[in-house]
Amino acid sequence: MLNVEQLLELEKRVRNTLNEKLEQILSNLNRSGKLEEALELLGLSNLLQQDYSYKPYRTGKIFIVGQSDVRKNQLLGVIKELGFDKKRFEFCLEYDEVKRFNFSKLFYKPENTLVLVGPMPHKTVGSGDYSSAIAAIEQKEGSPNVIRCGSNSLKITKQSIRDALQKALASGIVIA
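Residues numbered from 1 in each chain as written. Predicted model: local features only at pLDDT ≥ 70, side-chain atom pairs only at ≥ 80, totals over all residues. Heavy atoms only, no water.

Caption draft 1: Representation of the sheet that holds strand 1 (residues 61–65). Strand order in the open sheet formed by four strands is 2-1-3-4, and the pairing between neighbours is parallel. Because the sheet does not close on itself, it has two edges, and the strands there are strand 2 (89–92) and strand 4 (145–148). Within the sheet, the average angular offset between the axes of one strand and its neighbour, ignoring direction, is 15°. With five bridges joining them, strand 1 and strand 3 (residues 112–117) adopt parallel strand pairing. The residue bridging Phe-63 from the neighbouring strand is Val-115, located in strand 3. The strands touched by helix 3 (residues 72–81) within the sheet are strand 1 and strand 2, with strand 2 carrying the most contacts at an inclination of about 150°. The strands touched by helix 6 (residues 158–171) within the sheet are strand 1, strand 2, strand 3 and strand 4, with strand 3 carrying the most contacts at an inclination of about 145°. (Pairing = 2+ DSSP bridges. Helix = DSSP H or I, 4+ residues; strand = E, 2+ residues; numbered from the N terminus. Axes fitted to C-alpha atoms, helices over the stretch in contact; angles between N-to-C directions. Contact = heavy atoms within 4.5 Å.)

Structure (structure tokens):
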């Protein structure tokens, strides 16, 4: 065990070394997989608590995808009423159109903010190995946010779109 004088001398040497080599030390710890452990030993594990997961922009494109009995113009009325610019929205409201909608174009594009989903076929273009397109966009890394429209079952109505957009606004997923 070190005495007080030796401890103070060690502290001085460690500070000098850290000032000169901190970037290299952190890089080596990270590459060796020991960064988290080292920070924990130093009582600094809280420095790693930042969330570095994929996050889409809050002002990007919003997709409404699923079979709808409501016309696009009616949905645009709801969108305008909530203060959104209609240019931010892309619609895919017909069953056959949804079947051919390429969901893979949504991934890892932060400008794609939100997908509001309604009833759709289980197998669609771009859903990959997932059981459905909805499962893919809910589970796959790099996906935009997704909200299921409807209360008990998937349904695109003026009210379900209003509720979904209000939920997205309230949770901070999007801004109008």
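Caption draft 2: Spatial organisation of the pattern of salt bridges. Under the defined criterion, the tally for this structure stands at four salt bridges. Its salt-bridge partner being Arg-162, residue Glu-81 comes within 3.0 Å of it at the nearest N-O pair. Of this pair, Glu-81 sits in helix 3 while Arg-162 sits in helix 6, and the two are 81 residues apart along the sequence. Here Glu-81 falls in the exposed class, since its relative accessible area comes to 53%. Arg-162 gets classed as buried once you look at its relative accessible area, which sits at 16%. Ionic pairing is found between Glu-90 and Lys-105, a salt bridge with its closest N-O pair at 2.9 Å. Residue Glu-90 is located in strand 2, and its partner Lys-105 is located in the loop between helix 4 (95–100) and strand 3; the two are separated by 15 residues in the primary sequence. (Salt bridge = Lys/Arg side-chain N within 4 Å of Asp/Glu carboxyl O. Buried < 20%, exposed > 50% of the residue type's maximum accessible area, 1.4 Å probe, protein only.)

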